[in-house]
Amino acid sequence: MPELPEVETVRRGLERWVARRTVAAAEVLHPRAVRRHTAGAGDFAGRLAGAEVAAVRRRGKYLWLPLFTGDGAAPSEALLAHLGMSGQLLVGEPGREREKHLRVRLTFADGGLDLRFVDQRTFGHLLVADLVPDAHGAPDETVPEPIRHIAPDPIEDAFDDAEFVRRLRRRRTGLKRALLDQSLISGVGNIYADEALWRAKLHGARPTETLTRAESERALAGAREVMALALAAGGTSFDRLYVNVNGESGYFDRSLEAYGREGQPCRRCGAPIRRDAFMNRSSFTCPVCQPRPRRARF
DNA sequence: CAGCGTACCTGTAAGC
DNA sequence: TGCTTACAGGTACGCT
């Protein structure tokens, strides 16, 4: 469930079903799922066994569960998760059948619902990492060390609009590429980048150094608005790959204005939406509302 | 250093 | 029907 609204939907589910519970055991069924935990699968499982989930946090597309380790101190490490292209975190009866692409399974000391990381394409991963001070947020906030370089996302308090606009306009790249850069703004992926640009009436190939302050703010507002709407709909899913912790799909796909609408009329002006190849994927734009710049950056 | 292309996977759908 | 190809929500890494 890749982009911010889908990950936030999962975060809310985990908060409800997993927070404040103590892990009994972690079972790694596919080593690739913990490849970024450099100390290995055994160390990963060892750090989780007996730990209590203190909370469920998110920045952009990353989720993390700060862990109480039993000594009464504040959490110093966290279980960090990225769902990649096809990852799911599912909560359910421990005895149910194992999913075909089950990669990691956590059981809890209370014997209740288990937590499963299911990931068809294995681009997602889990790891346990140290918590370090957050360079972007309040002084007492922490983030897992591997994601300290990730920028705040536009729906968190730590996001600084003016700073984003300054950094965006200093870049020398295309607008869409910049929106997808998680070190500039996190949480935006291919769907919501296209939707934000449609709302802002801007083309993703616009060179960032030609953007006015007002245009930059429009792009940001577009991202913020579309993600808030998608979140209210439980996220976007085209198939069973993108579901919440209870296996249910969101329905924001019905509200998409650009993404996946090649050849269909723009709901603002009626012109057929056009598809272009971009970064080994697709970009969808309205050729009238979002005129392609003369000096295009893709 | 910033920016860009490619690699990493599995599954589905479309094309021949 | 079966084979091949294109494409799918993302990030890390190495090259220029």
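These figures come from a predicted structure and were not determined experimentally.

(A) Structural detail: the protein's contact with DNA strand C. Not every one of the 23 residues close to DNA strand C is listed here, only the nearest: Lys 61, Asp 239, Tyr 242, Tyr 259 and Ser 282. Among the atoms of DNA strand C lying within 4 Å of the protein, the sugar-phosphate backbone contributes 58%. Here Arg 121 contributes a side-chain N or O atom positioned 3.2 Å from a base nitrogen of DNA strand C. Within the residue set of the surface near DNA strand C, elements represented by two or more residues are α5 (190–200) and β12 (281–285). A per-class count over the surface near DNA strand C returns eight nonpolar, eight polar and seven charged.

(B) Structural view of the UniProt feature "domain: Formamidopyrimidine-DNA glycosylase catalytic" (unreviewed entry) in chain A. Cross-referencing UniProt, the feature "domain: Formamidopyrimidine-DNA glycosylase catalytic" (unreviewed entry) maps to residues 2–124 in the present numbering. The span residues 2–124 is 18% helical and 35% strand by assignment, and the distance between its end C-alpha atoms comes to 10 Å.

(C) Molecular detail of the packing of α5 against helix α6 (residues 213–232). In contact at an axis separation of 8 Å, α5 and α6 are set at 120° when each is read in the N-to-C sense. Put simply, α5 runs oblique to α6. Between α5 and α6 the crossing geometry is right-handed. Contact with α5, carried on its side by Tyr 192, Glu 195, Ala 196, Arg 199 and Ala 200, involves Arg 218, Ala 219, Gly 222, Ala 223, Glu 225, Val 226, Met 227, Leu 229 and Ala 230 of α6 and no other residues of that element. Looking at the contact of α5 with α6, its residues break down into nine nonpolar, one polar and four charged.

(D) Spotlight on the domain arrangement of chain A. Domain assignment breaks chain A into domain 1 (4–147) and domain 2 (161–285). On a C-alpha basis, the centres of domain 1 and domain 2 stand 28 Å from each other. Listed by partner, the interface residues are 20 residues for domain 1 and 20 residues for domain 2. Together domain 1 and domain 2 conceal approximately 1,600 Å² of surface at their shared face, both sides included; 60% is due to carbon and sulfur atoms. Linking domain 1 with domain 2 are zero salt bridges. Counting residues per element, the ones that place at least two in the side of domain 1 that touches domain 2 are α1 (4–17) and β6 (87–92). Here the element with the most residues in the side of domain 1 that touches domain 2 is α1; it accounts for ten residues.

(E) Representation of the pairing of strand β7 (residues 102–108). In terms of residue burial, β7 counts as a mostly covered element, since six of its seven residues are buried. With five bridges connecting them, strand β1 (residues 23–28) and β7 associate as antiparallel partners. Counted as the bridge partner of Val 23 is Phe 108 from β7. Bridge count for β7 against strand β8 (residues 114–119) is four bridges, and the pairing is antiparallel. The residue bridging Leu 106 from the neighbouring strand is Leu 115, located in β8. Count of turn residues in the β7/β8 antiparallel hairpin: five residues, of which Gly 111 carries a positive phi of about 75°.

Rules used throughout
Residues numbered from 1 in each chain as written. Chains lettered and ligands numbered in written order. Predicted model: local features only at pLDDT ≥ 70, side-chain atom pairs only at ≥ 80, totals over all residues. Heavy atoms only, no water. Near = heavy atom within 4 Å. Polar contact = N/O pair within 3.5 Å; in protein donor to acceptor, adjacent residues only side chain to side chain. Helix = DSSP H or I, 4+ residues; strand = E, 2+ residues; numbered from the N terminus. Nonpolar A, V, L, I, M, F, W, Y, C, P; charged D, E, K, R; others polar. UniProt positions renumbered as here; feature names shortened; annotations may be inferred. Axes fitted to C-alpha atoms, helices over the stretch in contact; angles between N-to-C directions. Parallel < 35°, antiparallel > 145°, perpendicular 65-115°, else oblique. Left-handed = near helix turned anticlockwise from the far one by under 90°. Contact = heavy atoms within 4.5 Å. Domains from an automatic or database assignment. Buried area = accessible area lost by both parts, 1.4 Å probe. Salt bridge = Lys/Arg side-chain N within 4 Å of Asp/Glu carboxyl O. Buried < 20%, exposed > 50% of the residue type's maximum accessible area, 1.4 Å probe, protein only. Pairing = 2+ DSSP bridges.

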